[in-house]
Number of protein chains: 2
Amino acid sequence: MKRLVLALGPILLLAILSCPPPSRADEGMWLRDAPPLDQLETRYGFTPTEDWLDHLHKSCVKMGASGSFVSPRGLILTNHHVGAGQLEKLSTPELDLFTSGFVARTQQEELKCPDMEVMVLWEHEDVTERIKSAVRPGMTAGQAEEARRKRMTEVEADSEKETGLRSQVVKLYRGARYHLYRYHRYTDIRLVMAPERAAAFFGGDNDNFEYPRYDLDVCFFRVYENGRPLEVEHYLKVAPGGASDGDLTFVFGHPGRTDRLCTMDHLRFRRDVEMPEALAWLRRREVQMATFMARSAENARIGGEDYFGIQNGRKARTGYLAALQDPLVMNAKLEAENRLRAWVSSDPTRRREWGDAWDAISSAYENYRQDFERHQALDGRAGGWSELFGIARNLARLGQELPKPSSDRLREYRDTNLESLYLGLYSPAPIYPPLEMDRIAGWLSYFVEALGGDDPIVKSVLAGQSPRQRAESLVLGSKLPQVEVRKALADGGAAAIEASDDPMIRLAALLDPESRSVRKLHEDEVEAVETAAYAKIAAAQFALLGEGLYPDATGTLRIAFGPIRGYEEAGRPVPPFTDFAGMFRRHTERAGQAGFELPARWLEAEKRLRPDTPFNFICTADIIGGNSGSPVVNRNAELIGLIFDGNIESLEWDVAYTDERARSVAVDVRAILEALRVVYDAGALADEMEGR
Amino acid sequence: MKRLVLALGPILLLAILSCPPPSRADEGMWLRDAPPLDQLETRYGFTPTEDWLDHLHKSCVKMGASGSFVSPRGLILTNHHVGAGQLEKLSTPELDLFTSGFVARTQQEELKCPDMEVMVLWEHEDVTERIKSAVRPGMTAGQAEEARRKRMTEVEADSEKETGLRSQVVKLYRGARYHLYRYHRYTDIRLVMAPERAAAFFGGDNDNFEYPRYDLDVCFFRVYENGRPLEVEHYLKVAPGGASDGDLTFVFGHPGRTDRLCTMDHLRFRRDVEMPEALAWLRRREVQMATFMARSAENARIGGEDYFGIQNGRKARTGYLAALQDPLVMNAKLEAENRLRAWVSSDPTRRREWGDAWDAISSAYENYRQDFERHQALDGRAGGWSELFGIARNLARLGQELPKPSSDRLREYRDTNLESLYLGLYSPAPIYPPLEMDRIAGWLSYFVEALGGDDPIVKSVLAGQSPRQRAESLVLGSKLPQVEVRKALADGGAAAIEASDDPMIRLAALLDPESRSVRKLHEDEVEAVETAAYAKIAAAQFALLGEGLYPDATGTLRIAFGPIRGYEEAGRPVPPFTDFAGMFRRHTERAGQAGFELPARWLEAEKRLRPDTPFNFICTADIIGGNSGSPVVNRNAELIGLIFDGNIESLEWDVAYTDERARSVAVDVRAILEALRVVYDAGALADEMEGR
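In this report, we go over the structure that sits alongside the text. Just so you know, these numbers come straight off a predicted model, no measurement behind them.

What counts as what
Residues numbered from 1 in each chain as written. Chains lettered and ligands numbered in written order. Predicted model: local features only at pLDDT ≥ 70, side-chain atom pairs only at ≥ 80, totals over all residues. Heavy atoms only, no water. Helix = DSSP H or I, 4+ residues; strand = E, 2+ residues; numbered from the N terminus. Rg over C-alpha atoms; globule rule 2.2 N^0.38 Å. Buried < 20%, exposed > 50% of the residue type's maximum accessible area, 1.4 Å probe, protein only. Lys, Arg positive; Asp, Glu negative; His and termini not counted. Charge placed at Lys NZ, Arg CZ, Asp CG, Glu CD. Pairing = 2+ DSSP bridges. Contact = heavy atoms within 4.5 Å. Axes fitted to C-alpha atoms, helices over the stretch in contact; angles between N-to-C directions. Polar contact = N/O pair within 3.5 Å; in protein donor to acceptor, adjacent residues only side chain to side chain. Salt bridge = Lys/Arg side-chain N within 4 Å of Asp/Glu carboxyl O. Least-squares fit on C-alpha atoms with pLDDT ≥ 70 in both. Parallel < 35°, antiparallel > 145°, perpendicular 65-115°, else oblique. Nonpolar A, V, L, I, M, F, W, Y, C, P; charged D, E, K, R; others polar. Disulfide = S-S within 2.5 Å. Phe/Tyr/Trp six-rings, centres within 6.5 Å; stacked < 30°, edge-to-face > 60°. Lys NZ or Arg CZ within 6 Å of the ring centre and 35° of its normal. Expected span 1.5 Å × (residues − 1).

This part covers the overall build of chain A. On a plain count of helices and strands, chain A comes out with 26 helices and 21 strands. In terms of overall size, chain A behaves like a compact globule, its C-alpha atoms giving a radius of gyration of 25 Å where 692 residues would be expected to give roughly 26 Å. Along the first, second and third principal axes, the C-alpha atoms of chain A reach 70 × 70 × 50 Å. Burial statistics for chain A: of 692 residues in total, 61% are counted as buried. Seen as two clouds, the 87 positive and the 106 negative side-chain charges of chain A have centres 2 Å apart.

Put into structure tokens, the structure is as follows:
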């Protein structure tokens, strides 16, 4: 924070220093190569070494969300809800892994996942200058953004050619910096152990994002290479004796998205347009899925995983919107923005360099309001998250994109992403026609609402049928559930797509021109403006506040820290740890209510479990969605827990960090070991974690 | 249909006659004084006498929805879901009538309802000329509408003074006619019998609006006058032996609203704006209520009735919207409109008289699109259906309205409506703060979304707090749960309201100017235009098609008819009757799933019940929401059943009647009697119905 003093005039300095955020000093999702050394040293007398950091980051994996290696034989620990997509794909009407749980007693019993990808970050590099130098004077914002996108693809391709590692360029600070990340990538992933959903998600939607909690939200996978368990040098060892109240913790993981650097008008757009609309969509899906699942036990099984995701998203966004609607939160953000803008305005050079950034973002979002719902309906929500529609769209687009040079394609079809894309496209995971019809009928009904029933594309899409009839024709008429049909269409390219009479392919082709056009509009008129404007705002912030700022979350590796600590609620203390006894008490108190059932093997094991085994705990480390499955470690880099949630107060971390009551929630490693040994008869797995 | 032939040129005649609707001949919600004599005679060889009609209409009651007298001692039969509002108000944490059911073994045990009103239609009269003559040349549409509204209030007041009967003028054909209805009104209503919700609503939301069904959706009340059961001359006797497949049925009831006469652009507004927005609101409430109810058993109890209403409304509107989104339905409506408009255009006089009506409605709704959500947020949805907010708004408005002449007031505060209004305002029914806070917090959050977080009234309403904090201050700070506080504020008038520091009163007062202003805008710019335009369209229809048209539903007494008849679904017959055995089978098949539990006394009674007792049946009579509780009678005016639902296909009856698969669903009177005797040990009640 030293530059701050130099850069400020006395009055503004006073204004900023008069509200120092001492209680927020555990804030931050820090970059691997810019850890918060000052804060750790000042507050906790701890200085991480480069070896310590290197060992931890190489022990972590990215797998949708987060996870970590916990044995030298490629064993991965993550959350049950992170592994749930694979659990669903491995389940059948006869064997529902969510109900039965799963334990592989031998390596032979481990179940190969149909389409899972695990990435281990190995190297990273600042490539800001290489990316930014792609922009030439006189380019429009849209052209500049396109030039940067192309350059990103080129940098990635060069890196892959050079190193053989999966390479990805990521935009940081919403436009100020670009980093290149190189990963080892693995796709032979096998399921080792998963508890029942009733134990992993005890308390259901009711207790989700709440505390106290009692969830064994864990799942074990093993990475294989050449048919054998992957040998890893970097993995986490269990902390003997676990952790205690007050202990400093570190969380290494992949937080997905935060909006802390957004301008006020950008946040207002989130508050007044994006979040309300996203919530309306989620509530629509939630009610539709509840209705669908109530129709039969098999519907309940095949819809369960979608339903969890929808409810989870709805509760998270409800909390985020509540923060945006809270005048206290928004006024604090406004004051900070006003201070920065006043400082920029107070000097002609600063004003000329950066002064127009805020208004540029305002008008981009003001214009985008009109297009927002059409964009969603035609692009992100097209097909209502139907698997078949997603496959059809990818096939139709591959036909058009592959003939182009990699850097000219829609970015997800660049060469360096194709392996991942084909993994999903050719997945043998089951596709359920009743669920597909429900998704598509729901989307079609939404599509009519969003664009209006007289829009020409709505009429073309419905083809004279009602949404439900049309969904039936599309799903029952499509051959895309067969993987070989997909492969033939991909191999045949644009000509095969054009010749195909598969109704789902025809739908994707019909939508594609408008879908691309709204996307292009958004890229040129919103994203491009944002990148340029946020680059200026970040430059102003660096100049005013110094380089010691962390960027908004981007789904890449970050480090958070903070002690294990309880809080007060309505005058009563909420202790930081729960235990097994608490879970059984809550089970009894809420007997017969949905979400509070316990699996038979838990009820049977109650007598043999140590009731005071620490089960879940909370800490102040700064996390967000995407951190699910992140390891929690102590100063010795030993595993003490596993992040799986935040409490309801933590949901405002989307825009602002506070630690009065907001907390991250983790499963205690002692509960994991005890449950493996006593409940799941999986002592060998516990031994493997403990290095016995 | 005779005038048709005279009025048409040969080509148009051909166009109309080439699609005669023979299968739709059971269509119609007919006025009491214009029954479908031709159809009944032609199709069923039946001609109702004036005595037959008079006896039936005087046996019917209006009580929110519908019901009928079924004994000379004021015994009323209606649906459980019609009585449910009172069941909720009579329940306590210790005795939940939804779980326990209720049977009064003696008259002393009958439970007085806190705020129920029963109306019996006695006389009716066409007052079209008196209402229309209030309009003077040169008035704007808004002024004309206001003049008609005032005249309606005057006509009602005159009628009450003259007859002592509760008098109400109703607009028919959306503006073409006005009828005056006179009712006997009763407010000493006592609960006699209600089954458990699990029996009344067996199958829950899953089976709602579906067929086959197995629901004992009944509830018995008794009307008292001067402390004694009301003696009635007109009541329905049970049909000995019930009814059979193919029997002609009649339904007398109070259908609430249909949109069959709406213009295409009016329907497009419903499709693209009103229904999507209403559904988004209902889904929001549904998800919030589900979350609220999951928190505790007591929450589940106090929220249950709201939740049923919300789910029911969501499912009904989803069906209506599906019809509006179905190109087949809309194309048929469009053809009919095109024919009428072509006929109007083809003649200069007709064109001059009526030709502008369709465009007038189009532009009114086109303009209203912009105001729609603000109107809802400030008016109909203000307070999120909170009881306390409703009370506060009534108190604040009474203070302003009562000093004015009755015909100058907002219409619900006219003298002839005050008794009904005070019945609700001073109701001793319990008010639950946790539920109130949830409703208000939900509405506040919606209010911020609908108007935008920077709207001045939004900021005033939130008063610097978050929606949830604000809801807590409002509910916990209000004294309005005490009935005497309400009375004191009502007695004190405008001065007392102005002096009150009750936060709920202050909120209502704060919102009132904007709320009145959006309402006035809607009345002047939409309702007024509609009345004038639909009067023209109806005149054109009468001229083209003759007087034999029934008006859209208006919550007033209507007659429907049609035989008991099954249908085909996916090539398989759906028989018209279900039986008790079917219910027990379904209970077993869906064991453990929500909505399919059966009360202990039903399980215990299974062996003693005749398994083949007809339970529910379907017929083609044309009904809609509001018909709930309508008696179903045979040619002898004898009771054979009780309407409680329509199947999913019937939901398109909002816009168009079809009878291929759409059906009304009723409880068979034989199931009612058998359940009373065998399951509920209520033989005396069955005897009373059977006149023993």
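Having seen it, we continue.
On to the sheet that holds strand β13 (residues 248-253) of chain A. Residue and element names in this part refer to chain A. Taking strand neighbours across the sheet as the criterion, the eight strands line up as β1-β14-β13-β19-β20-β21-β18-β17 in an open arrangement whose pairing is antiparallel. Two strands bound the open sheet, and with one partner strand each, they are β1 (30-31) and β17 (577-579). Sheet topology places strand β20 (residues 639-646) next to strand β21 (residues 664-668); five bridges connect them, and they run antiparallel. Bridge assignment links Leu 642 to a residue of β21, and that residue is Val 667.

With that settled, the discussion passes to the sheet that holds strand β18 (residues 614-619) of chain B. Residues and elements named next belong to chain B. Spatial ordering of the open sheet is given by β1-β14-β13-β19-β20-β21-β18-β17, a layout of eight strands whose pairing is antiparallel. With one partner strand each, in any of the chains shown, β1 (30-31) and β17 (577-579) form the two edges of the open sheet. Looking at chain direction, β18 and strand β21 (residues 664-668) are connected through four bridges and run antiparallel. From the neighbouring strand, Ile 618 faces β21, where its bridge partner is Val 665. Where helix α3 (residues 37-44) meets the sheet, it contacts β1, β13 (248-253) and β14 (558-563), and its direction lies at approximately 15° from that of β14.

We now examine the pairing of strand β10 (residues 188-194) of chain A. Looking down a regular strand, the side chains alternate between one sheet face and the other. All names here are of chain A. For β10, the buried fraction is high: seven of the seven residues fall into the buried class. Pairing analysis gives two bridges linking strand β5 (residues 102-103) to β10, with the strands arranged antiparallel. For Phe 102, the partnering residue across the bridge sits in β10 and is Ala 194. Of the pairings in the sheet, the one linking strand β6 (residues 111-112) to β10 comprises two bridges and is antiparallel in character. Paired with Lys 112 across the bridge in β10 is Arg 190.

All names here are of chain A. When you line up the elements, Glu 110 lands in the loop between β5 and β6. On the accessibility criterion, Glu 110 (8% relative accessible area) is buried. Separated by 3.0 Å, the side chains of Glu 110 and Arg 222 make a polar contact. Of note is the side chain of Glu 110, whose polar atom sits 2.6 Å from the side chain of Tyr 224. What Glu 110 contacts, discounting residues up to four positions off in sequence, is Ala 104, Arg 190, Leu 191, Val 192, Arg 222 and Tyr 224.

Residue and element names in this part refer to chain B. In this structure, Glu 436 sits in helix α18 (residues 433-451). Residue Glu 436 is classed as buried on the basis of its relative accessible area, which comes to 1%. Looking at Glu 436, its side chain comes within polar contact range of the main-chain nitrogen of Glu 387, at 2.9 Å. What Glu 436 contacts, discounting residues up to four positions off in sequence, is Ser 386, Glu 387, Leu 388, Phe 389, Ile 431 and Val 475.

Now for the interface of chain B and chain A. Taken together, the 33 residues of chain B in the interface contact 33 residues of chain A. Seen at the junction of chain B and chain A, the total is four salt bridges. The partner of Asp454(B) in a salt bridge is Arg268(A), with the nearest N and O atoms 3.1 Å apart. Elements supplying a minimum of two residues to the side of chain B that touches chain A: α10 (204-207), α11 (264-294), α12 (297-324) and α18 of chain B.

Screw-axis analysis of chain B against chain A gives a translation of 0.0 Å along the axis, an RMSD of 0.0 Å, and a rotation angle of 180°. Expressed as a symmetry operation, the mapping of one chain copy onto the other fits a two-fold axis. A share of 100% of interface residues in chain B that are also interface residues in chain A marks the association as one of identical surfaces.

Turning next to the packing of helix α13 (residues 327-345) of chain A against helix α22 (residues 503-545) of chain A. Residue and element names in this part refer to chain A. Axis separation between α13 and α22 bottoms out at 11 Å; the angle between their running directions is 85°. If you check the angle between α13 and α22, you find them roughly perpendicular. Facing Leu 340, Trp 343 and Val 344 of α13, the residues of α22 in contact are Ile 537, Ala 540, Gln 541, Ala 543 and Leu 544. For the contact of α13 with α22, the residue count by class is seven nonpolar, one polar and no charged.

Moving on: unusual backbone geometry. As a rule of thumb, non-glycine residues mostly have phi less than zero, and peptide bonds are mostly trans rather than cis. Residues and elements named next belong to chain A. The omega angle of the peptide bond from Tyr 211 to Pro 212 is 5°, so this bond is cis rather than trans. Within the secondary structure, Pro 212 is located in the loop between α10 (204-207) and β11 (219-225). Phi angles above zero are rare outside glycine, and Arg 174 is one such case at about 60°. We note that Ala 637 has phi near 65°; this positive angle belongs to a residue other than glycine. Note on placement: Ala 637 falls in the loop between β19 (631-633) and β20.

We now examine the pattern of salt bridges. Residues and elements named next belong to chain A. Using the criterion set out here, one finds 148 salt bridges over all chains in the structure. Arg 166 serves as the salt-bridge partner of Glu 419, at 3.0 Å between the closest nitrogen and oxygen. Taken as a pair, Glu 419 in helix α17 (residues 415-425) and Arg 166 in strand β8 (residues 166-172) lie far apart in primary sequence, 253 residues in all. Salt bridges sharing common partners tie together Arg 174, Arg 257, Asp 259, Arg 270, Glu 274, Glu 530 and Asp 552.

Moving on, we come to the state of the cysteines. Residues and elements named next belong to chain A. If you walk through the whole model with that rule in mind, you get zero disulfides over all chains. The thiol of Cys 60 is unpaired, and the distance to the nearest cysteine sulfur, on Cys 619, comes to 14 Å. Looking at the unpaired Cys 219, the closest cysteine sulfur is the one in Cys 113, lying at 8.1 Å. A relative accessible area of 0% means that Cys 219 is categorised as buried.

Here the focus is the environment of Glu419(B). It is 47 Å that separates the C-alpha atoms of Glu419(B) and Arg608(B), two residues lying 189 residues apart in sequence. For Glu419(B), the residues in contact, after removing those within four places along its chain, are Arg166(B) and Arg185(B).

What follows deals with helix α25 (residues 669-679) of chain A. Residues and elements named next belong to chain A. Counting buried positions along α25 gives nine out of eleven residues, so the element sits mostly inside the fold. The N-capping residue of α25, defined by a side-chain oxygen 2.8 Å from the backbone nitrogen of Arg 670, is Asp 668. Asp 681 sits one or two positions beyond α25 and adopts a positive phi of about 50°.

In this section: the packing of aromatic side chains. Given two aromatic rings, their pairing is described by the distance between the two centres and the angle made by the two planes. Scanning the entire structure with this criterion turns up 52 aromatic pairs over all chains. Pairing Trp281(A) with Trp385(A) gives two aromatic rings, centres 5.6 Å apart and planes at 80°, and the pair type is edge-to-face. Taken as a pair, Trp281(A) in helix α11 (residues 264-294) and Trp385(A) in the loop between α15 (357-378) and α16 (387-401) lie far apart in primary sequence, 104 residues in all. Owing to a relative accessible area of 39%, Trp385(A) belongs among the partly exposed residues under this scheme. A connected cluster of aromatic rings, assembled from ring pairs, spans Phe46(A), Trp52(A), Phe250(A) and Phe252(A). Positioned above the aromatic ring of Trp122(B), the side-chain terminus of Lys58(B) is 4.6 Å from the ring centre. A cation over an aromatic ring shows up here: Lys487(B) above the ring of Tyr426(B), its NZ or CZ 5.2 Å from the ring centre.

Residues and elements named next belong to chain B. With burial as the criterion, each face of strand β4 (residues 75-78) is covered, one bearing Leu 75 and Leu 77 and the other bearing Ile 76 and Thr 78. Strand direction decides the pairing type here: strand β3 (residues 65-69) and β4, joined by two bridges, are antiparallel. Across the sheet, the residue bridging to Ser 68 is Leu 77, located in β4. Between β3 and the antiparallel strand that follows it, β4, lie five residues; Gly 74 among them carries a positive phi value of about 70°. In the sheet, β4 pairs with strand β11 (residues 219-225) via four bridges, with the strands oriented antiparallel. What sits directly across from Ile 76, in β11, is Phe 221.

Moving on, we get to helix α8 (residues 141-163) of chain A. Residues and elements named next belong to chain A. With 23 residues, α8 extends 33 Å between its outermost C-alpha atoms, agreeing within 8% with the 33 Å of an ideal straight helix rising 1.5 Å per residue. Listed as buried for α8 are Gly 142, Ala 144, Glu 145, Ala 147, Arg 148, Arg 149, Met 152, Thr 153, Val 155, Glu 156 and Ser 159. In this structure, the buried residues of α8 make contact with α7 (128-132), β8, β9 (177-186), α17 and α22. Downstream of α8 by one or two residues, Gly 164 has phi in the positive range, about 75°.

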